[in-house]
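Spelled out, the chains give:
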Amino acid sequence: LHKDEIINERINYKDKIIDRLHFQWQTPYNTSQNSERGQNILHNKTRGIRLHMFIRKAKEIGNVKQDYIYVGEMESLSATGEKPITVQMEFKSPLINEIYNDLTRIVK
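Throughout what follows, the structure given in this document is the object of discussion. (Residues numbered from 1 in each chain as written. Predicted model: local features only at pLDDT ≥ 70, side-chain atom pairs only at ≥ 80, totals over all residues. Heavy atoms only, no water.)

1. Considerations on the overall build of the chain
Per the secondary structure count, the chain includes two helices and seven strands. Going residue by residue from the N terminus, the α and β elements of the chain occur as β-β-α-β-β-β-β-β-α. Pairs at least 24 apart in sequence give 52% of the contacts found in the chain among residues at least 6 apart. About 7300 Å² of surface is accessible on the chain, with carbon and sulfur atoms providing 48% of the total. (Helix = DSSP H or I, 4+ residues; strand = E, 2+ residues; numbered from the N terminus. Contact = heavy atoms within 4.5 Å. Areas by Shrake-Rupley, 256 points an atom, 1.4 Å probe, with all protein chains shown as cover.)

2. Concerning the pattern of salt bridges
If you walk through the whole model with that rule in mind, you get four salt bridges. Where Arg-50 meets Glu-73, a salt bridge forms, and the shortest distance between an N and an O atom there is 3.1 Å. Residue Arg-50 is found in the loop between helix H1 (36-42) and strand S3 (51-55), and its partner Glu-73 is found in strand S6 (residues 69-80); the two are separated by 23 residues along the sequence. Take Arg-50: its relative accessible area is 58%, and that puts it in the exposed class. (Salt bridge = Lys/Arg side-chain N within 4 Å of Asp/Glu carboxyl O. Buried < 20%, exposed > 50% of the residue type's maximum accessible area, 1.4 Å probe, protein only.)

3. Looking at the nonpolar core
Within the largest apolar cluster, 15 residues are counted, with the highest numbers of intra-cluster contacts made by Phe-23, Met-53, Val-71 and Met-74. Residue assignment for this core shows that the elements contributing at least two residues are H1, S3, S6 and strand S7 (86-91). Those residues in contact with Met-53 that lie beyond four places of it in its chain are Phe-23, Ile-69, Tyr-70, Val-71, Gly-72, Met-74 and Met-89. (Core = buried A, V, L, I, M, F, W, Y, C linked by side-chain atoms within 4.5 Å.)

4. Here we look at the packing of aromatic side chains
Applying the stated rule across the entire model yields two aromatic pairs. Pairing Phe-54 with Tyr-70 gives two aromatic rings, centres 5.1 Å apart and planes at 55 degrees, and the pair type is tilted. Here Phe-54, found in strand S3, pairs with Tyr-70, found in strand S6; they are 16 residues apart in sequence, far enough to count as distant. Among the residues examined, Tyr-70 registers a relative accessible area of 42% and is labelled partly exposed. (Phe/Tyr/Trp six-rings, centres within 6.5 Å; stacked < 30°, edge-to-face > 60°.)

5. Some details on the sheet that holds strand S1 (residues 16-17)
With antiparallel pairing, five strands are arranged side by side in an open sheet as S1-S2-S7-S6-S3. Among the strands making up the open sheet, the edge pair consists of S1 and S3. Where S1 meets strand S2 (residues 22-26), two bridges bridge the pair, whose relative direction is antiparallel. Paired with Ile-17 across the bridge in S2 is Phe-23. (Pairing = 2+ DSSP bridges.)

6. What about the environment of Arg-20?
Within the secondary structure, Arg-20 sits in the loop between S1 and S2. As a C-alpha pair, Arg-20 and Ser-93 span 73 residues in sequence and 8.7 Å in three-dimensional space. Apart from residues lying up to four places away in sequence, Arg-20 is in contact with Phe-91, Pro-94, Leu-95, Ile-96, Asn-97 and Tyr-100. Only 2.6 Å separates the side chain of Arg-20 from the backbone oxygen of Leu-95, close enough to count as a polar contact. (Polar contact = N/O pair within 3.5 Å; in protein donor to acceptor, adjacent residues only side chain to side chain.)

Structural data, given as structure tokens:
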């Protein structure tokens, strides 16, 4: 979740873990709320679409490329903005303490 390598402003996503149950995610920069993709994300539950979250703490730590880890299924709660859409999401099951602590610990 540490976004040190910003290629341009369009890729500076504001993804973050809010707490063990909530996550803020930004869609790809070209997604609007009225698009089919946007509607599928925003109304995933009523459309029967399952959203699964994979997260990595940083692209690299100590020159070692980091893998993504699966943290669970999500549901969209609310959204604001366009291109990208900022989506407030809820994990179906809270993040376990070990994963939450690791992902929210500051990288040096």
